Amino acid sequence: MSRQEFLHDVYSAVQQVPEGKVTTYGHIARLIQFPRHARHVGNALNRLGFVPLPPFHSQNVPWQRIVASNGNISPRDNIESCYLQADLLREEGVIVAEPTIGPEFVGGGGGKVDLAVFGWFPDRLPSEEQDASP
């Protein structure tokens, strides 16, 4: 699979995460048949605004709905982007616990989502379900 095909699959899968729900980088990786590539999913989403791959862009791929396997908003170089992700999730009705930031804080982190309440973990993508129906 080429890099562009991988990006296409990641972005297509992320577009199917319902509003008000979140899933993990690892779950997206499993859904697109790359179960050991959670980090690559994260890299793909990180590059969403920089890698031209029409028709996908940061306004039609809900990147904010993807979190770490423990429900944390993943740390980034710019803490403001963590807060943006938390704010976007809150606008969708997702409860995001405030981060604990102390003097040892390094690298960011924008809060935590309760995956038992807001998690979305289907065995297959909705688009695959539609393709399989008679």
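All of the points below concern the structure found in this document. (Residues numbered from 1 in each chain as written. Predicted model: local features only at pLDDT ≥ 70, side-chain atom pairs only at ≥ 80, totals over all residues. Heavy atoms only, no water.)

### Re the pattern of salt bridges
Argument step 1. Considering all chains together, one arrives at 3 salt bridges under this definition.
Argument step 2. Among the salt bridges present, the one from Glu92 reaches Arg65, with a minimum N-O distance of 2.9 Å. With a gap of 27 residues between them, Glu92 in the loop between helix 4 (79-91) and strand 3 (96-97) and Arg65 in the loop between helix 3 (38-46) and strand 2 (66-67) connect regions that are remote in the sequence. Both residues of the pair, Glu92 and Arg65, count as buried.
Argument step 3. Across the pair Arg90 and Asp87 runs a salt bridge whose closest N-O atoms are separated by 3.4 Å. Of the two residues, Arg90 and Asp87 both sit in helix 4, 3 residues apart, roughly one turn of that helix.
Argument step 4. The class for Arg90 is partly exposed, based on a relative accessible area of 30%. (Salt bridge = Lys/Arg side-chain N within 4 Å of Asp/Glu carboxyl O. Helix = DSSP H or I, 4+ residues; strand = E, 2+ residues; numbered from the N terminus. Buried < 20%, exposed > 50% of the residue type's maximum accessible area, 1.4 Å probe, protein only.)

### Overview of helix 4
Count 3.6 residues to each turn of an α-helix, and residues three or four apart come out pointing the same way.
Argument step 1. Taking 1.5 Å per residue as the helical rise, helix 4 with its 13 residues ought to reach 18 Å, and the 19 Å between its terminal C-alpha atoms agrees with that figure.
Argument step 2. For helix 4, the complete set of buried residues consists of Cys82, Gln85, Ala86 and Leu89. Take helix 4 and look down its axis: the buried residues cluster within an arc of 95°, on one side only. Turned more than 90 degrees away from the buried face of helix 4 sit Glu80 and Glu91, all of them exposed.
Argument step 3. Buried residues along helix 4 sit in contact with strand 2, strand 3 and strand 4 (112-113).
Argument step 4. Gly93, located one to two residues past helix 4, shows a positive phi value of around 95°. (Expected span 1.5 Å × (residues − 1). Arc of directions from axis to C-beta. Contact = heavy atoms within 4.5 Å.)

### What about the packing of helix 1 (residues 3-15) against helix 3?
Argument step 1. Where helix 1 contacts helix 3, the axes come no closer than 10 Å and their chain directions differ by 85°. Taken as axis vectors, helix 1 and helix 3 run roughly perpendicular relative to one another. Contacts between helix 1 and helix 3 involve Phe6, Leu7, Val10, Tyr11 and Val14 on the former and, on the latter, His40, Val41, Ala44 and Leu45.
Argument step 2. When the residues that make up the contact of helix 1 with helix 3 are grouped by side-chain class, the tally is 8 nonpolar, 1 polar and no charged. (Axes fitted to C-alpha atoms, helices over the stretch in contact; angles between N-to-C directions. Parallel < 35°, antiparallel > 145°, perpendicular 65-115°, else oblique. Nonpolar A, V, L, I, M, F, W, Y, C, P; charged D, E, K, R; others polar.)

### A closer look at the nonpolar core
Argument step 1. Of all hydrophobic cores here, the largest spans 24 residues; its most connected members are Val10, Tyr11, Ile28, Val41 and Leu45.
Argument step 2. Elements represented by at least two residues in this core include exactly helix 1, helix 2 (25-31) and helix 3.
Argument step 3. In terms of residues, this core owes the most to one element, helix 1, which gives 6 residues.
Argument step 4. Those residues within four positions of Ile28 in sequence are excluded, and the remaining contacts are Val10, Ala13, Val14, Val17, Thr23, Val41 and Ile66.
Argument step 5. Among the nonpolar cores identified, the runner-up in size contains 11 residues, and Val22, Cys82, Ala86 and Phe118 belong to it. (Core = buried A, V, L, I, M, F, W, Y, C linked by side-chain atoms within 4.5 Å.)

### Regarding helix 3
Argument step 1. Along helix 3, the residues that are buried comprise Val41, Gly42, Ala44 and Leu45. Considered in projection along helix 3, the buried side chains sweep an arc of 160° and stay on one side of the axis. Seen from the open side of helix 3, the exposed residues pointing more than 90 degrees away from its buried face are Arg39 and Asn46.
Argument step 2. On its buried face, helix 3 is in contact with helix 1, helix 2 and strand 2.

### Details of unusual backbone geometry
Argument step 1. Cis rather than trans, the peptide bond between Pro54 and Pro55 has omega equal to 10°.
Argument step 2. Mapped onto the elements of the fold, Pro55 is located in the loop between helix 3 and strand 2.
Argument step 3. Of note in this structure, Gln33 is not a glycine but carries a positive phi near 70°.
Argument step 4. For Gln33, a relative accessible area of 60% corresponds to the exposed category.

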